[in-house]
Amino acid sequence: QVQLVESGGGLVQPGGSLRLSCAASGSMFSIYGMGWYRQAPGNQRELVATISNGGISNYSSLVKGRFTISRDNAKNTVYLQMNSLRPEDTAVYYCNARIKVAWDHTDDFWGQGTQVTVAS
């Protein structure tokens, strides 16, 4: 059974930084794309950033230039470095991964979410 476990959320002042981590574990053939999404109260879940297994990244225009996504394929882990944080970045951040779990089956998996709060 595949699990995604996130860590690194918390409370930070505006202008500060946080680094989120998400590690995948369990029975996996391979991991394809990985990414981060977020959901603020009253809002729909939105894409923050994605990264392919080859390292090609894509960002929401809301975070481009401030956030950096990276991954360590040897550790089955994806990271999100968040700099110059703003109050509007406050949300629950979710990790996502597309994982091949059998020779004929690929599925999307989600982490449990980690709260990021930006406030003075």
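Scope of this entry: the structure provided in the associated data block. (Residues numbered from 1 in each chain as written. Predicted model: local features only at pLDDT ≥ 70, side-chain atom pairs only at ≥ 80, totals over all residues. Heavy atoms only, no water.)

## Thoughts on the overall build of the protein chain
Argument step 1. Helix and strand counts for the protein chain stand at zero helices and eleven strands.
Argument step 2. Counting from the amino terminus, helix and strand elements in the protein chain follow one another as β-β-β-β-β-β-β-β-β-β-β.
Argument step 3. For the protein chain, whose C-alpha radius of gyration is 14 Å, the value lies close to the compact-globule estimate of 14 Å for 120 residues.
Argument step 4. Dimensions of the protein chain along its principal axes, counting C-alpha atoms only, are 50 × 25 × 25 Å.
Argument step 5. Relative to its full complement of 120 residues, the protein chain shows a buried share of 38%.
Argument step 6. Here the analysis covers contacts within the protein chain between residues at least 6 apart in sequence; of these, 55% occur between residues at least 24 apart.
Argument step 7. Accessible area of the protein chain: about 6,400 Å², with a carbon and sulfur share of 47%.
Argument step 8. Computed over 10 positive and 8 negative side-chain charges, the inter-centroid distance for the protein chain is 6 Å. (Helix = DSSP H or I, 4+ residues; strand = E, 2+ residues; numbered from the N terminus. Rg over C-alpha atoms; globule rule 2.2 N^0.38 Å. Buried < 20%, exposed > 50% of the residue type's maximum accessible area, 1.4 Å probe, protein only. Contact = heavy atoms within 4.5 Å. Areas by Shrake-Rupley, 256 points an atom, 1.4 Å probe, with all protein chains shown as cover. Lys, Arg positive; Asp, Glu negative; His and termini not counted. Charge placed at Lys NZ, Arg CZ, Asp CG, Glu CD.)

## Section: the packing of aromatic side chains
Argument step 1. If you walk through the whole model with that rule in mind, you get one aromatic pair.
Argument step 2. The interplanar angle of 65° and the centroid separation of 5.1 Å between the aromatic rings of tyrosine 37 and tryptophan 110 together place this pair among those described as edge-to-face. Of the two residues, tyrosine 37 is situated in strand E4 (residues 30–39) and tryptophan 110 in strand E10 (residues 105–110); the sequence distance between them amounts to 73 residues.
Argument step 3. Note that arginine 45 overlies the ring of tryptophan 110, its terminal NZ or CZ placed 4.7 Å from the centroid. (Phe/Tyr/Trp six-rings, centres within 6.5 Å; stacked < 30°, edge-to-face > 60°. Lys NZ or Arg CZ within 6 Å of the ring centre and 35° of its normal.)

## A closer look at the pattern of salt bridges
Argument step 1. On inspection of all chains with the given rule, the structure shows four salt bridges.
Argument step 2. A salt bridge links arginine 38 to glutamate 46; its shortest N-O distance comes to 2.7 Å.
Argument step 3. Judged by its relative accessible area of 6%, arginine 38 falls in the buried class.
Argument step 4. Via salt bridges that share partners, Arg38, Glu46, Arg66 and Asp89 belong to a single interconnected network. (Salt bridge = Lys/Arg side-chain N within 4 Å of Asp/Glu carboxyl O.)

## Looking at the side chain of arginine 71
Argument step 1. Tracing the backbone through its elements, the reader meets arginine 71 in strand E7 (residues 67–72).
Argument step 2. Put simply, arginine 71 is tucked away with no salt bridge, and the nearest opposite charge, on aspartate 72, sits 8.3 Å away.
Argument step 3. Only 2.8 Å separates the side chain of arginine 71 from the backbone oxygen of tyrosine 32, close enough to count as a polar contact. (Polar contact = N/O pair within 3.5 Å; in protein donor to acceptor, adjacent residues only side chain to side chain.)

## As for the pairing of strand E8 (residues 77–82)
Moving residue by residue along a regular strand, the side chains alternate between the two faces of the sheet.
Argument step 1. Judged by how many residues are buried, E8 sits mostly within the fold: five of six residues are covered.
Argument step 2. Direction of pairing for strand E3 (residues 18–25) relative to E8: antiparallel, over a ladder of six bridges. Within the sheet, the bridge partner assigned to leucine 20 lies in E8 and is leucine 80.
Argument step 3. One ladder, built from six bridges, connects E7 with E8; its direction is antiparallel. Residue pairing for E8: arginine 71 is matched across the bridge by valine 78.
Argument step 4. Here E7 folds back onto E8, and the loop between the two strands holds four residues, one of which, asparagine 76, carries a positive phi near 55°. (Pairing = 2+ DSSP bridges.)

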